[in-house]
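Here is how the chains run, residue by residue.
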There are 4 protein chains.
Amino acid sequence: MKYASGRHFLQIPGPTNVPDRILRAMDHAVIDHRGPAFGELGLKVLDEIKTIFKTQQNVVIYPSSGSGAWEAALSNTLSPRDKVLMVETGQFAALWVQMAKRLGLDPEVIVSDWRHGADADVIESRLSEDQTHSIKAVCIVHNETSTGCVSDIAAVRAAIDRADHPALLMVDTISSLASIDFRMDEWRVDVTIAGSQKGLMLPPGLAFNGISDKALAASKQAKLPRSYWHWGEQLASNKQGYFPYTPATTLLYGLHEAIAMLHEEGLENVFLRHKRHGNATRAAVDAWGLELVCLDPSAYSDTLTAVVMPQGTSADHFRRVTLEAFDMSLGTGLGRLADKIFRIGHLGYFNDLMLAGTLVGIEMGLARAGVAYQRGGVQAAIDYLAATH
Amino acid sequence: MKYASGRHFLQIPGPTNVPDRILRAMDHAVIDHRGPAFGELGLKVLDEIKTIFKTQQNVVIYPSSGSGAWEAALSNTLSPRDKVLMVETGQFAALWVQMAKRLGLDPEVIVSDWRHGADADVIESRLSEDQTHSIKAVCIVHNETSTGCVSDIAAVRAAIDRADHPALLMVDTISSLASIDFRMDEWRVDVTIAGSQKGLMLPPGLAFNGISDKALAASKQAKLPRSYWHWGEQLASNKQGYFPYTPATTLLYGLHEAIAMLHEEGLENVFLRHKRHGNATRAAVDAWGLELVCLDPSAYSDTLTAVVMPQGTSADHFRRVTLEAFDMSLGTGLGRLADKIFRIGHLGYFNDLMLAGTLVGIEMGLARAGVAYQRGGVQAAIDYLAATH
Amino acid sequence: MKYASGRHFLQIPGPTNVPDRILRAMDHAVIDHRGPAFGELGLKVLDEIKTIFKTQQNVVIYPSSGSGAWEAALSNTLSPRDKVLMVETGQFAALWVQMAKRLGLDPEVIVSDWRHGADADVIESRLSEDQTHSIKAVCIVHNETSTGCVSDIAAVRAAIDRADHPALLMVDTISSLASIDFRMDEWRVDVTIAGSQKGLMLPPGLAFNGISDKALAASKQAKLPRSYWHWGEQLASNKQGYFPYTPATTLLYGLHEAIAMLHEEGLENVFLRHKRHGNATRAAVDAWGLELVCLDPSAYSDTLTAVVMPQGTSADHFRRVTLEAFDMSLGTGLGRLADKIFRIGHLGYFNDLMLAGTLVGIEMGLARAGVAYQRGGVQAAIDYLAATH
Amino acid sequence: MKYASGRHFLQIPGPTNVPDRILRAMDHAVIDHRGPAFGELGLKVLDEIKTIFKTQQNVVIYPSSGSGAWEAALSNTLSPRDKVLMVETGQFAALWVQMAKRLGLDPEVIVSDWRHGADADVIESRLSEDQTHSIKAVCIVHNETSTGCVSDIAAVRAAIDRADHPALLMVDTISSLASIDFRMDEWRVDVTIAGSQKGLMLPPGLAFNGISDKALAASKQAKLPRSYWHWGEQLASNKQGYFPYTPATTLLYGLHEAIAMLHEEGLENVFLRHKRHGNATRAAVDAWGLELVCLDPSAYSDTLTAVVMPQGTSADHFRRVTLEAFDMSLGTGLGRLADKIFRIGHLGYFNDLMLAGTLVGIEMGLARAGVAYQRGGVQAAIDYLAATH
């Protein structure tokens, strides 16, 4: 690739900018994954990661991308042809549905317009109808990375409870964990799916399953074939801080550092920071006269903002122009939103001035790509940020 | 862990010592995995890696540990209850058998004494009996990491041919690739299993499948459920240098550097270097009066040496003493060999003086742990190394 | 120090932001400074650095900060009580005068208001008066880092020529080299002083003397005591790529990478980039209604902008507020300008979006610190940057 | 340079192998050298470094190589034509004498055979003769890096005291500090000269002066010109943790880490480790039938061993062969010892197995270069190391 001066702005909604501290923590010799020093490290990260999931139950870690954690969640708890209730809030939810089909499950899909979070009432109603409890799991994407809409997990939990339904609740937190508040135990989430490359500020390569005791019990009966993803083997090895196969050691070094950084800042402060940056970004989009993909203000995502391009304008042209002229990567529209929207990542290791550079890049990119917009988005964000510091 | 001066000697048979050049190549910001710079990188590594497999066919790369590549091999090509012929040459082969069972296959296992490579004649005879071609695949571990015995893949290929059997040939090269000669196309291997953390000198976290056209054709008919490991999706995305889900970007940076280093040294020189270090290590073991696990000189591994402890002596005690006194990690005995043997890794980024330090550490560790041995192993290795430079 | 999320903005006028590529190039084992690999490296960097100085003559490299290179320039070419003509354009020029006195020289100082570059006419007139050629050197700071005023070296050269005076011309390019055009040979500069930590994008720790043949001849007669800075020893060792004492090896690795990056971008493109960022910054300052320190538009610096605070407002208070609220470091006022001005560094490894973040940080900092200013500076810069890309 | 597999063995007597922890600590963004975070760092390292010098007085730090610290010591305390008593124990001492001459001092040199440390009796006798106290300083190299002979500083101190002479005691500890016990305050050393690249395990680039109050008082009267090296400016800035000019920030990051590591191991343990490795190395040399440069067992250096080549054998040929065949750098003979001796560095970040690799490399190199030697050096070292762990 051609050399360009200055730092690239990686403003896709993940992978996010990896802090130097984490890169440096990872930049170390590999150690014996069966030796005592590794066991210490393993115990530490397996314990520490629970604080991020807000759980006292179990979390397992795979060398894998986030979609592996989807597969682990399904294959450990379900049996061939099991019915699962899935809400298609966007492209990632749709891919999870596709995976469920491939694994031999029978997903029942609640469709959406890809511009809202999951509707808890619809879930409640569908579960209430399911008198035989044929639905074994409810699968929700917490923060739909393709649309910037958040689903209210507490509300989904309440809906399941109201329906008095025993289905497992599985939640994909890939682009919300460690950025938007998530409470595994309080919301009684049974399987939490997560990845390393967003709020955890790591490179991609680790995936996680938070596992409730109820999910663990279910896994003992589940009949889907599984080996690599087998929770039982993970949990058995994890007891002494080890893993059933060679773990991604250097990413675990980084994970330890990442969790330390999150606690240094304070997890609640991390959430507030993301909220403030979400608000500032939306103020800019509003001032530019552009439309958000997300139509429900209560569902606005604080980790990314998806923006609808004016009719007849190519989002990918705008993104390419912005990349070439200002060395910033923005997220592309996925699936049915391809070329119609662009996505701004404002999560992870981030601050006011990085956001400022990001928004200036967008404003200059809009001008340069000939997109119809109104000047002043950056100024609106500045005003918001200055007022709320 | 307690600080100790000087460099740790990581002499397990993998993960191996990661060169600084590779650590530095990985120590860089993550880039947009859907952007043009990534596409360039992806095309490059996907093409370059073929030279290491000695194939013109396809290689796919997963964010995963090596055992994931076992699962990918099986689940892409086979259907529930398919019969597979597996040779249990040691612990890793045994784990692969266990995985096959978990995935719903029907492995037929040729047992061994764990002190030899796979017996091609037995394979031929078993395949010849299989007139209905119920056996769908033959699964062999090239270099059995738990024993230090190499199986002769060319001979296995010839055995299959003599039996005129259509079974797929699957070979685990996790601890041989890029260290011991392996020729995927010449030997008509159908699926090659590999990992990043041994001869490729990378940290753990990437796994590979080399895929023959025959295996690819088989995958179109195979009925085992699969999603994360799905070859079809990988190959479709790979065409433009991309991946179907977020790849482990920083490990791919490292892979590019690793392949460059292997070619700078010359792949055949890499094999010769490993052979020479294997010989030197065996000369030392012989001089110490200790016994190799591997009983067949033609099957001696050039990447690791497994050594039998004198009767009544704990291998793990010796390893612990050596670690504490000399800051060197040696491989433990696995499965039925636990505490009875230790394993010396001499593969990857390695040279004469690192081997010298390793052997001195063992000789001093033997003394310190009170193991019965004869002095002179190091001297024997020095003499061999000096004579053969 | 307290952890804060996101990247620090280091916008002092040097040390500048070190690119990851350079940090990684430096992050390598030290090699034998008397071995063949070092000799190769030494020859390479000693040769390459000349392209940056635009000279065919000699450049020597010291493990030292920039002020060491001032001392090297003076002590190699002059004798006790020699008269030198120095133009005090700001704090750094003043420090150089102080050094000359300490070394036993007799500096004659042309004072300025610290708001202009050196006046070539005054230099010419003073040299013309010096019929006995008692003045041995003319010392000019090319880009005065304390004020953001550039002195026109070509004009100074012409002035010396018109006066037909044999004095050596010594130029401090510490904050201009590799950022603002400088032509050692074309302008017949006799000694060029430079440092690693500005346009060369390295950490501090290396200092440079570009040496004309005329200066070299003078050094043979010069009587000031010198040892560490002795050019003769440097040049003798440099012939084979070595140094007379242990060089700062890792910084030399970085220097090699830095020069490669400058040539990848193209040196003239580097100058244009700095000019554009200087213009954009000045557009912002103008829109804020603030005053530049530099009063001569033809002398505006493209590497830093010094801004006068409104009467009665503390520049250091503003800087502290900006650092605490937005994690950005700005340059302090030096010497007589202390607390009256602040300085914005926009040099080195830098681009439009980093500048955008910088200017937004200043605008928000001004608001937060209660400084009287007009909104719109960032918008003015955006408009300029977008129009001139 | 040509790529070779495995880690280079850098066994010159400095620069030494830099630990990854230190490289990683240095591999970070530069910060504002006038900002609060820097002030904190500065105060910390300026305070911590005193524990390594074993002083409660002052230590100043220069961006410079070690020879700069020689110049700082002389130029801060002495006046033109001052007499200094210097003991030429080897090449480095000789270079220091040369520097003193260049700076305009009048060194009186006690010559040696380059095979012993400084003779305290000769010093005493010379000082006793100096009734007028015309000798202003006694200059000693603690550990002469060119010969591997240590001078007994406590004995020199006692000699000065017995002569009741007011001369300052200046000691070069470049290759002893943090490896061989040195006690600045207890031995009343007035100026301690040190560098970063040996026992401090850093890359070259920092130099140090430990300054006694007596030396500081002397500096107020001293008349040698000085500016870059001026203690007064350093000490004034150091009070708040800052430096009078741009410091080598990244090396200071590394220094902080280095001191932490030395204290984690325990400074006295560090000395014992060096002593044990010195003994083991000498056991090997003895078994090879080779001769040490150092003729006085009480003066044997624990940081390096200089070995005399058999008559008629080129040391540099042997070193070149060893470098090419085994990728190990050994120290060359310097000055009058050129090509007659080689030097083995065994200091800094080092351990038993690194020493083992080093000695094996020498034994194989001797064989390969056709040097007359007896086998068994490595075995002798092993026996010593195993017996003394």
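Small disclaimer: the values here were computed from a predicted structure and weren't measured.

## A word on unusual backbone geometry
Here's step 1: Along the chain, C:Gly14 connects to C:Pro15 via a cis peptide bond; the corresponding omega equals -5 degrees.
Here's step 2: A positive phi angle, near 60 degrees, is found at A:Trp114, a position not held by glycine.
Here's step 3: Considering the arrangement of structural elements, one finds A:Trp114 in the loop between β4 (106-111) and α5 (120-129).

## Side note on the interface of chain C and chain D
Here's step 1: Across the contact, 54 residues belong to chain C and 54 residues belong to chain D.
Here's step 2: Counting the surface lost from both chain C and chain D, the interface buries some 4,200 Å², and carbon and sulfur atoms represent 61% of this.
Here's step 3: The interface formed by chain C and chain D contains four salt bridges.
Here's step 4: For C:Glu233, the salt bridge goes to D:Arg102, with nearest N and O atoms at 2.8 Å.
Here's step 5: Summed over the shared surface of chain C and chain D, the number is 10 residue pairs in polar contact (both at pLDDT 80 or more).
Here's step 6: Looking at side-chain class alone, the side of chain C that touches chain D contains 26 nonpolar, 17 polar and 11 charged residues.

## With respect to the confidence of the model for chain A
Here's step 1: Here chain A shows a mean pLDDT of 97. Residues at 70 or above account for 100%.
Here's step 2: Prediction confidence for the complex, expressed as pTM and ipTM, is 0.97 and 0.97 respectively.

## Brief notes about the domain arrangement of chain A
Residue and element names in this part refer to chain A.
Here's step 1: When cut into domains, chain A gives domain 1 (9-16 + 266-388) and domain 2 (20-263).
Here's step 2: Between domain 1 and domain 2, the C-alpha centre-to-centre distance is 27 Å.
Here's step 3: Counting from both sides, the interface comprises 33 residues of domain 1 and, opposite them, 33 residues of domain 2.
Here's step 4: The junction of domain 1 with domain 2 conceals about 2,500 Å² of combined surface from both sides, 60% of it contributed by carbon and sulfur atoms.
Here's step 5: If you sort the residues of domain 1 by the area they bury against domain 2, Leu 267, Phe 271 and Arg 336 come out on top, with a joint share of 22%.
Here's step 6: Linking domain 1 with domain 2 are three salt bridges, by the criterion used here.

## A closer look at the sheet that holds strand β10 (residues 206-211) of chain B
The strands making up a sheet associate through hydrogen bonds between their backbones, and the pairing can be parallel or antiparallel.
Residues and elements named next belong to chain B.
Here's step 1: The strand order β2-β10-β9-β8-β5-β3-β4 describes an open sheet built from seven strands, whose pairing is mixed. Strands at the two margins of the open sheet, each flanked by one partner only, are β2 (58-63) and β4 (106-111). In this sheet, neighbouring strand axes are inclined to one another by 20 degrees on average, regardless of whether the strands run parallel or antiparallel.
Here's step 2: As paired strands, β2 and β10 are joined by six bridges and run antiparallel to one another. Looking at β10, one finds that Pro 63 is bridged to Leu 206.

## Concerning helix α7 (residues 213-221) of chain B
Residues and elements named next belong to chain B.
Here's step 1: Of all the residues in α7, the buried ones are Ala 215, Leu 216 and Ser 219. Angularly, the buried residues of α7 cover 100 degrees about the axis, an arc narrow enough to put them on a single face. Exposed residues on α7 whose side chains face more than 90 degrees from its buried face are Lys 220 and Gln 221.

## A short note on the pairing of strand β5 (residues 135-141) of chain C
Residue and element names in this part refer to chain C.
Here's step 1: Across the seven residues that make up β5, a large majority, six, are buried.
Here's step 2: Inspection of the sheet shows strand β3 (residues 83-88) paired to β5 by four bridges, in the parallel sense. In the strand pairing of β5, Met 86 is matched with Cys 139.
Here's step 3: Taken together, the five bridges between β5 and strand β8 (residues 168-172) define a ladder with parallel strand orientation. Its bridge partner being in β8, Val 138 is matched across the sheet by Leu 169.

## Section: the pairing of strand β13 (residues 328-332) of chain A
All names here are of chain A.
Here's step 1: Taking burial as the measure, the five residues of β13 include five buried ones, the bulk of the element.
Here's step 2: Judged from the three bridges that link them, strand β1 (residues 9-11) and β13 form a sheet pairing that is parallel. If you follow Gln 11 over to β13, its bridge partner there is Leu 330.
Here's step 3: Two strands pair when backbone bridges link them, and β13 and strand β14 (residues 341-345) are joined in this way by two bridges, in the antiparallel orientation. By the bridge assignment, Thr 332 is partnered in β14 with Phe 342.

## Considerations on the sheet that holds β1(A)
All names here are of chain A.
Here's step 1: Strand order in the open sheet formed by five strands is β1-β13-β14-β12-β11, and the pairing between neighbours is mixed. Of all the strands in the sheet, the pair left with one neighbour each is β1 and β11 (291-292).
Here's step 2: Taken strand by strand, helix α11 (residues 315-326) contacts β13 and β14, and its axis lies near 165 degrees from that of β13.

## What to know about the relation of the copies chain C and chain D
Here's step 1: Superposition of chain C onto chain D requires a rotation of 180 degrees combined with a translation of 0.1 Å along the rotation axis, giving an RMSD of 0.0 Å. In symmetry terms, the pair is related by a two-fold rotation axis. No C-alpha of chain C approaches the rotation axis more nearly than that of C:Ser64, which lies at 2.4 Å.
Here's step 2: Both copies present the same face, since 100% of the interface residues in chain C are matched by interface residues at the equivalent positions in chain D.

Criteria and cut-off values
Residues numbered from 1 in each chain as written. Chains lettered and ligands numbered in written order. Predicted model: local features only at pLDDT ≥ 70, side-chain atom pairs only at ≥ 80, totals over all residues. Heavy atoms only, no water. Helix = DSSP H or I, 4+ residues; strand = E, 2+ residues; numbered from the N terminus. Contact = heavy atoms within 4.5 Å. Buried area = accessible area lost by both parts, 1.4 Å probe. Salt bridge = Lys/Arg side-chain N within 4 Å of Asp/Glu carboxyl O. Polar contact = N/O pair within 3.5 Å; in protein donor to acceptor, adjacent residues only side chain to side chain. Nonpolar A, V, L, I, M, F, W, Y, C, P; charged D, E, K, R; others polar. pLDDT = per-residue confidence, 0-100. Domains from an automatic or database assignment. Pairing = 2+ DSSP bridges. Axes fitted to C-alpha atoms, helices over the stretch in contact; angles between N-to-C directions. Buried < 20%, exposed > 50% of the residue type's maximum accessible area, 1.4 Å probe, protein only. Arc of directions from axis to C-beta. Least-squares fit on C-alpha atoms with pLDDT ≥ 70 in both.

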